[in-house]
Amino acid sequence: MKITVQSTKAVKPAYPGGVAPAGAPGVVPLTVLDKANFDTYISVIYAFRPPAPGNAALEDGLARVLVEYREWAGRLGVDAEGNRAILLNDEGARFVEATADVTLDSVMPLEPTPAVLALHPSGDDAVELMLIQVTRFACGSLVVGFTTQHIVADGRATNNFFLAWSQATRGAALDPVPVLDRQSFFRPRDPPLVEFEHRGVEFKPYEKHVVESHAGHDEEVVVQKVHFSREFISRLKSQASAGLPRPYSTLQCVVAHLWRCMTTARRLGEGQSTSVCIAVDGRARMSPQVPDGYTGNVVLWARPTATAGELVAKPLQHAVGLINREVARINDGYFKSFIDFASSAAVEKERLVAAADAAEMVLSPNIEVDSWLRIPFYDLDFGGGRPFFFMPSYLPVEGLLILLPSFVGDGSVDAYVPLFSRDMNTFKDCCYAME
């Protein structure tokens with residue numbers, strides 16, 4: 001598969017009359033939840049069967065939707081007080097047009113290998129916050145690759161922008177309507193009430209950040225895509241929920257199963273502590289709820305922990321119970337405690353930085369989980385139909401587990417599992433095994 005870039009341009013908001021409305025804000029300060037998130041670029045890939053709209057229509061739709069989502073046409077900088085912010089300078093999103101010399105079917109299904117890096121722009125040295133590549137294949141199929149700055153928005157909010165672009169391209173109303181106000185939802189309480197410990201959880205000392213940022217590892221990390229059928233998931237849930245009044249969720253059961261399998265594959269010592277860090281969306285958990293159309297980050301993390309020996313020796317239900325309790329703990333009170341602490345003078349005084357560190361490439365003995373199971377990626381429709389395939393890009397971070405609904409569309413789940421190559425055969429042997 002040879003990908004040839006035909007053009008690269010900046011697409012700017014297409015305001016009526018050519019200028020932003022008078023009185024429009026010029027700066028959007030990052031919230032404490034934005035700053036707590038990963039300061040890195042994330043890439044995803046969609047594939048569409050023909051017919052697909054032309055590049056000119058896609059570019060026009062992008063220019064129109066950037067009027068409503070100005071952040072994605074801006075740049076990161078600082079506000080008048082020196083706080084990190086999004087500058088609404090309308091410098092534009094990067095739009096790349098490319099072609100492939102093969103039919104899409106000849107390379108499907110796309111696998112999480114370095115080859116897919118050619119299907120989206122690189123975030124290395126990027127100044128744009130949104131970078132898009134549209135690649136036309138010889139058969140007329142279209143692949144759209146997005147690369148976005150995570151500190152601007154979480155997965156749900158970023159997907160809302162993708163949907164809005166597709167809606168604008170086909171002339172539909174934006175749904176959900178974007179909620180651009182970032183300041184009203186996460187104001188600290190007066191007086192503040194810090195009920196939970198956030199040092200060593202969402203924050204760590206700056207000195208530790210410096211040391212870890214330069215850590216490296218020479219061993220090869222490979223990414224294995226695992227498909228869990230609806231029947232396999234049903235058996236997992238039945239086993240994990242036996243004797244309980246209501247079943248555990250698909251997410252919690254699949255994560256518990258993979259946590260145990262990855263721990264076995266890593267051959268951790270029985271007394272070694274291992275945790276699984278699970279992103280928790282606060283939109284519905286906070287009171288009042290944060291609107292679905294909110295455009296920033298509303299994510300904190302649950303961190304259930306066990307020893308490797310306990311995790312593997314005890315039944316699946318034990319691991320799921322650990323996860324369930326910790327996820328439930330990340331509730332409205334926890335989010336508000338975090339906001340109060342993150343807004344306090346303690347963060348600056350103690351020189352604390354976000355524990356979410358994109359420089360960490362090896363998470364063992366721990367695991368980090370990004371669940372995309374409830375994000376409607378397959379609703380994207382530029383006018384020629386929904387995507388028939390979706391995947392994250394190749395991201396060889398050992399222990400970074402990504403879950404998404406399978407493109408089969410029958411309730412099955414795809415898991416992207418990065419491990420050291422030496423551990424992968426053991427993982428494959430146990431990932432489809434039931435107790």
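Up top is the structure.
A brief look at the structure comes next. From a predicted model like this one, the values you see are computed outputs, not experimental measurements.

### A few points about the side chain of Asp332
Among the structural elements, Asp332 can be located in helix α9 (residues 332-342). For Asp332, a relative accessible area of 19% corresponds to the buried category. Side-chain polar atoms of Asp332 contact the backbone nitrogen of Ser287, separated by 2.8 Å. Beyond its immediate chain neighbours, meaning those up to four positions away, Asp332 contacts Arg285, Met286 and Ser287.

### What about the sheet that holds strand β5 (residues 84-87)?
Read across the open sheet, the 3 strands follow the order β2-β5-β4; overall the sheet is antiparallel. Unpaired on one side and paired on the other, β2 (27-29) and β4 (75-78) mark the two borders of the sheet. When strand polarity is set aside, the average angle formed by the axes of neighbouring strands in this sheet is 40°. Inspection of the sheet shows β2 paired to β5 by 3 bridges, in the antiparallel sense. Bridge pairing in β5 places Val27 opposite Leu87.

### Regarding the pairing of β5
Inspection of the sheet shows β4 paired to β5 by 4 bridges, in the antiparallel sense. When the bridges of β5 are listed, Leu76 appears paired with Ile86. Count of turn residues in the β4/β5 antiparallel hairpin: 5 residues, of which Gly82 carries a positive phi of about 85°.

### Some details on the environment of Leu236
In this fold, Leu236 is placed in helix α5 (residues 230-240). The exposure class assigned to Leu236 is buried, which follows from its relative accessible area of 1%. Sequence spacing of Leu236 and Ala256 is 20 residues, and the spatial spacing of their C-alpha atoms is 9.7 Å. Non-local contacts of Leu236, meaning those with residues more than four positions away in its chain, are made with Cys253, Val254, His257, Leu316 and Met434.

### Some thoughts on the packing of aromatic side chains
If you walk through the whole model with that rule in mind, you get 26 aromatic pairs. Relative to Phe232, the ring of Phe228 lies with its centre 5.2 Å away and its plane at 10°, an arrangement referred to as stacked. Comparing Phe228 with Phe232 shows no difference in burial state: the two are buried. Through a chain of ring-to-ring contacts, the aromatic side chains of Tyr46, Phe48, Phe146, Phe162, Trp165, Trp372, Phe377, Tyr378, Phe382 and Phe390 assemble into a single cluster. Between Arg49 and the ring centre of Phe388, over which it is positioned, the NZ or CZ distance is 3.9 Å.

### Some remarks on the pattern of salt bridges
Throughout the structure, instances matching the rule amount to 27 salt bridges. Residues Glu97 and Lys9 are paired through a salt bridge, measuring 3.9 Å at the closest nitrogen-oxygen approach. Of the two residues, Glu97 is situated in strand β6 (residues 93-100) and Lys9 in strand β1 (residues 3-11); the sequence distance between them amounts to 88 residues. Relative accessible area serves as the criterion here: at 31%, Lys9 is assigned to the partly exposed category. In this structure, Arg267 engages Asp423 in a salt bridge whose closest nitrogen and oxygen atoms are separated by 3.1 Å. In this pair, Arg267 sits in the loop between α6 (250-266) and β11 (273-281) while Asp423 sits in helix α11 (residues 421-430), placing the two residues 156 residues apart along the sequence. Judged by relative accessible area, Arg267 falls into the exposed class, the value being 53%. On the basis of relative accessibility, which here comes to 2%, the residue Asp423 falls in the buried class. Through salt bridges with shared partners, a single ionic network connects Asp154, Arg156, Asp281, Arg283 and Asp292.

Rules behind the numbers
- Residues numbered from 1 in each chain as written.
- Predicted model: local features only at pLDDT ≥ 70, side-chain atom pairs only at ≥ 80, totals over all residues.
- Heavy atoms only, no water.
- Helix = DSSP H or I, 4+ residues; strand = E, 2+ residues; numbered from the N terminus.
- Buried < 20%, exposed > 50% of the residue type's maximum accessible area, 1.4 Å probe, protein only.
- Polar contact = N/O pair within 3.5 Å; in protein donor to acceptor, adjacent residues only side chain to side chain.
- Contact = heavy atoms within 4.5 Å.
- Pairing = 2+ DSSP bridges.
- Axes fitted to C-alpha atoms, helices over the stretch in contact; angles between N-to-C directions.
- Phe/Tyr/Trp six-rings, centres within 6.5 Å; stacked < 30°, edge-to-face > 60°.
- Lys NZ or Arg CZ within 6 Å of the ring centre and 35° of its normal.
- Salt bridge = Lys/Arg side-chain N within 4 Å of Asp/Glu carboxyl O.

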